[in-house]
Amino acid sequence: MIVTILYYLLVAFVAFLVIRNLLKSREWQEEALYVVFLIPLLLRLLRLK
Amino acid sequence: MSMPETAALVLGAMVAAYILAKILKVSTELSMLAAALVGAAVGGAGFPVRHIVEGAFTYLDICLIFITATLFMNLLKESGGVAFVIRRVLTRFHRRKALLFVMLALLLLIPGALTGAGSVTVLITGSLVATVLGYMNIPRARAAAIIFIIAGLSAAAPPVSLWAMLTAAGVNMPYVGFFLPLLVPCVLLALATIFILSRGAKPADLEAALRELPEAPPKMNWLKVAAPFALFFALILAGRMFPFGFPILGLPLMFAAAAVVTMLLSPVKIPFLDVAGRTVHQLLPLVGTLTCVGILVQIMTLTGARGLIAITVVTLPVTVVILTLFLTLPISEAVLMWGAAPVLGVPLVLLFNTINLNPIVALAGMSVIWPLGDAIPPTAIIGRLTVDTIGMKEPYGKFLKACLVPALLIILAGTLMVFFSKQLAFLTVL
Amino acid sequence: MTRKFVIIVLGAALAVFAGLDFYRSRHLREPVVAGPGVARVKTLGDYFSKVKGTVNDCNVYILEGAQPGGAVLVLGGTHPEEPATRLVSWILAENGILEQGRLFVVCSANRSASTVTRPSGAYPDSFSIPTTWGGQTFRMGDRWSNPLDQWPDPEVYIHYPTGQNLAYMDGRNLNRTWPGRPGGTLTEKTTHAFMELIRTEKIDFVIDLHEAELQYPVISTIVAHPKGQDLAAMASMVLSGEEFKIGVESSPEALRGLSHREIGDHSDAFTLLFEAPEPFLDATRGRTDAKLLLEGKDDFVVRAGKRGLLFETIDKNGWPIDVRVGRHTSTILTVLDLWTLDHPDRGVILKNVPRYAEVIEKGTGAFLKDPASAESKTIHYE
């Protein structure tokens, strides 16, 4: 159970980094790729998939 | 239209969309996404939101392994640990060329073997090793070839070999028994590569090399470098030795634990958030590829395009299949990167299994050949990354030419492993 | 900035619509109308408290005969991506009437696995079986427990108690985690709970229903623990002579974690595992959708068969769901008949369940009950 919580925290941290980089990015292809990668992270955090 | 005709049409449309996107200078990752979306539309699935997002989940855990492992390696580099090791190795072995080459090959093999990504090898130890090789009078193109080839082998080396893991998962085969079939060829071929391409090298000019290599912090020592690795391996071992008493941690958490220890032991203050942000940025092409490949594979499966490739491959004459592995594997890698494993690797292993070859050794042989495709356009991600990282100014073709001899050796070794997989089955004990 | 905003909005829209879709399919309610033969309905958690209230606290439908006899457990949905297995258990729970003994029926042995579909597998999220009252929809499911219920995976899954190394994702495979572990993962706790059920209820044997890809050598067969070998061989002979070809295989000792090996090794019961052909699972399959799942027709799989790559025949008629369901119902009925003949005091006599020919003639849907016209107390959700 604790390990699972740590994994959700890990995913939350990665999602935070992705959002931070996304906001800093100035290149549309990079932005699109960040968004695509962010979707599974967020849906896992929300326990939807 | 019959199902095979539709599948062929979808596959054709996907290839056309991919090529068009590349012509329009869209990145490989997004080109794959474009191919997937066009394939779904042509295949009559419209814009299948659920499938697109479900496909993006395919390699989520592997992406987490990537990110935590690379973060660990980057923190080690920031702490001065990597520079410390390179300087110590150079000082200790600079008079003994052969031993130095062996040490450099091992230094190149470790990051990729642990993370499954050749790019991590290039970024972590590649530039430092290139500096040493430069002081041994080895031309830049050949130094780049050494780093690229060994980085590829490091990615195929155990414990984390993505091609083997993804293919094995696709055929419901345990990722067990791969350790030696991957380790032996990777180590031998890495040594062969460095010795072949370093011919005519002079003993390193120690003082000049040490001047150019980054300084290691004065308080850095072997213990501080070794401790996070020791923890990582201790956690793996604990899981194996006490499987029913020790919690399941998974590789991402083990790498994260190693990263935390690296931070705590670092003699210099590390800007953690910046390093973590840079890590995600550095890995974007890789995790982006994995995410888009997942989507592409899902849409190919949905529309029957994947089945078309699979059935075409498994119904070809076996000898033709094996003898053309040297072409099909690197080219599929160049186009799909790791996506080549589920798309092409899975039917190949099923075919080899049917004709009674040893699927583990055969897959290990294929896994050694696959990374060569990372130097071939359109993706050439690792090839380009290597050339950029070590600052090679010569044309890309010169780098490719330097890769040729070790590449042929790798192809030969990998193909022979497939052919004689049954005889080599004794390697699957670990 | 506008461009970035548009990209984020598009991504958010994709996430919201897909998220809703995932939520809906995960929570799709599947009614079972408990038939007149069902004496009571327990849940798996009644046998092992650590499973109580979890996603895998599945229903156990207990059919009882007037005459005392033996006890048999039928597991459907060990791998929910093998839909015939769940449909058969539905038919048993909704129609079966017992004259002797007790029959324990489970429709969702790994309920967690029934709430997820496989990334890159392109499975439909659900499928519907046509009925005279409009059809019944089922969750598609996967082979492995939902990562939302069991995460992370180990780098190598080590089977309890033998220590055999298996693929990392098989830690979530109900048919690799027998006999289970009380302090283990959710999947291990689930198999442990079933072992407790088997011991508590003095089950004589377990029937574990499965379907397999045609490229898999263990297909159209009964895999039996040595203790059940004679029964399986006899059933195979009777069925092959009277209804359809079905083989018999012995449970290999070296392959651990499977029901046909571990239940027999760790209890007085034994297991017979039935495999029916499901082209939907083949790696060479073409277009992946509910039609392929239910009709079992695929040109690419046929082509693989012509090349000699399959372990079961297939032609343009494919392997429709009714054929697969019918094979399982007939095999269950035959096995029970033969068992009862051999063990009259521990007999289990089951009636009102259709055999192979009847399922094909009337369709599976003919044996599913309409929850709208059933008494509410008889309705249970899977």
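Residues numbered from 1 in each chain as written. Chains lettered and ligands numbered in written order. Predicted model: local features only at pLDDT ≥ 70, side-chain atom pairs only at ≥ 80, totals over all residues.

A word on the pairing of strand S10 (residues 205-212) of chain C
Residues and elements named next belong to chain C.
Part 1 of the reasoning: Taken across its eight residues, S10 has eight buried, putting it largely inside the fold.
Part 2 of the reasoning: Side chains of S10 alternate between two faces, with Phe205, Ile207, Leu209 and Glu211 and Val206, Asp208, His210 and Ala212 buried alike.
Part 3 of the reasoning: Sheet analysis places strand S4 (residues 67-75) next to S10, joined by four bridges and oriented parallel. What sits directly across from Val74, in S10, is Ile207. (Buried ≥ 20, exposed ≤ 12 C-beta atoms within 10 Å, placed from the backbone. Helix = DSSP H or I, 4+ residues; strand = E, 2+ residues; numbered from the N terminus. Pairing = 2+ DSSP bridges.)

A short note on helix H14 (residues 272-303) of chain B
Residues and elements named next belong to chain B.
Part 1 of the reasoning: Given a rise of 1.5 Å per residue, 32 residues ought to cover 46 Å, and the 44 Å separating the end C-alpha atoms of H14 matches this to within 8%.
Part 2 of the reasoning: Along H14, the sharpest kink reaches roughly 55°, centred on Leu284 and followed within four residues by the proline Pro285.
Part 3 of the reasoning: Among the 32 residues that make up H14, 24 are buried, leaving the element largely enclosed by the rest of the structure.
Part 4 of the reasoning: Following H14 by one or two positions, Gly304 has its phi on the positive side, about 95°. (Expected span 1.5 Å × (residues − 1). Bend = angle between axes of the 7 residues up to and from the residue.)

What about the nonpolar core?
Part 1 of the reasoning: Counting residues in each nonpolar core, the largest one holds 294 residues, and the members touching the most others are Val132, Ala144, Ile147 and Ile150 of chain B together with Val74 of chain C.
Part 2 of the reasoning: Considering each element in turn, this core owes the most residues, 15 residues, to H14 of chain B.
Part 3 of the reasoning: Once residues within four sequence positions are removed from consideration, Ile147 of chain B is found in contact with Leu108, Val122, Gly126, Val129, Ala130, Thr386 and Ile390 of chain B. (Core = buried A, V, L, I, M, F, W, Y, C linked by C-beta atoms within 7 Å. Contact = placed C-beta atoms within 7 Å.)

Some details on the packing of helix H5 (residues 81-93) of chain B against helix H7 (residues 118-134) of chain B
All names here are of chain B.
Part 1 of the reasoning: Remark: H5 packs on H7, axes separated minimally by 10 Å, with the N-to-C direction vectors making an angle of 30°. By the criterion of interaxial angle, the relationship of H5 to H7 is roughly parallel. Crossing geometry of H5 relative to H7 is assigned as right-handed. On the side of H5, the interface is formed by Val82, Ala83, Ile86 and Leu90, while H7 contributes Ile124, Thr125, Leu128 and Val132.
Part 2 of the reasoning: Partitioning the contact of H5 with H7 into residue classes produces seven nonpolar, one polar and no charged. (Axes fitted to C-alpha atoms, helices over the stretch in contact; angles between N-to-C directions. Parallel < 35°, antiparallel > 145°, perpendicular 65-115°, else oblique. Left-handed = near helix turned anticlockwise from the far one by under 90°. Nonpolar A, V, L, I, M, F, W, Y, C, P; charged D, E, K, R; others polar.)

Re the interface of chain C and chain B
One widely used convention gives an interface's size as the accessible area the parts lose upon coming together.
Part 1 of the reasoning: Taken together, the 38 residues of chain C in the interface contact 43 residues of chain B.
Part 2 of the reasoning: Listing elements by their share of the side of chain C that touches chain B, those giving two or more residues are helix H1 (2-26), strand S9 (165-166) and helix H7 (299-306) of chain C.
Part 3 of the reasoning: Examining the composition of the side of chain C that touches chain B, we find that five residues originate from one element, H1 of chain C, more than from any other.
Part 4 of the reasoning: Taken together, the residues that form the side of chain C that touches chain B break down as 19 nonpolar, nine polar and 10 charged.

Side note on the confidence of the model for chain B
Part 1 of the reasoning: Looking at chain B as a whole, the pLDDT averages 91, with 99% of positions reaching at least 70.
Part 2 of the reasoning: Prediction confidence for the complex, expressed as pTM and ipTM, is 0.89 and 0.98 respectively. (pLDDT = per-residue confidence, 0-100.)

Focus on the interface of chain B and chain A
Part 1 of the reasoning: Each side of the interface is counted separately: chain B has 26 residues, and chain A has 21 residues.
Part 2 of the reasoning: Going through the elements one at a time, helix H2 (28-42), helix H3 (49-56), helix H4 (60-78), helix H13 (250-265) and H14 of chain B are the ones with two or more residues in the side of chain B that touches chain A.

Comments concerning the pairing of strand S12 (residues 247-250) of chain C
Two faces, one strand: in a regular strand the side chains alternate between the faces of the sheet.
All names here are of chain C.
Part 1 of the reasoning: The pairing of strand S11 (residues 221-224) with S12 spans four bridges and is classified as parallel. Across the sheet, residue Val223 finds its bridge partner in S12, namely Glu249.
Part 2 of the reasoning: For the handedness criterion, the β-α-β arrangement of S11, helix H4 (residues 229-242) and S12 is classed as right-handed. (Right-handed = clockwise from strand over helix to strand, strands pointing away.)

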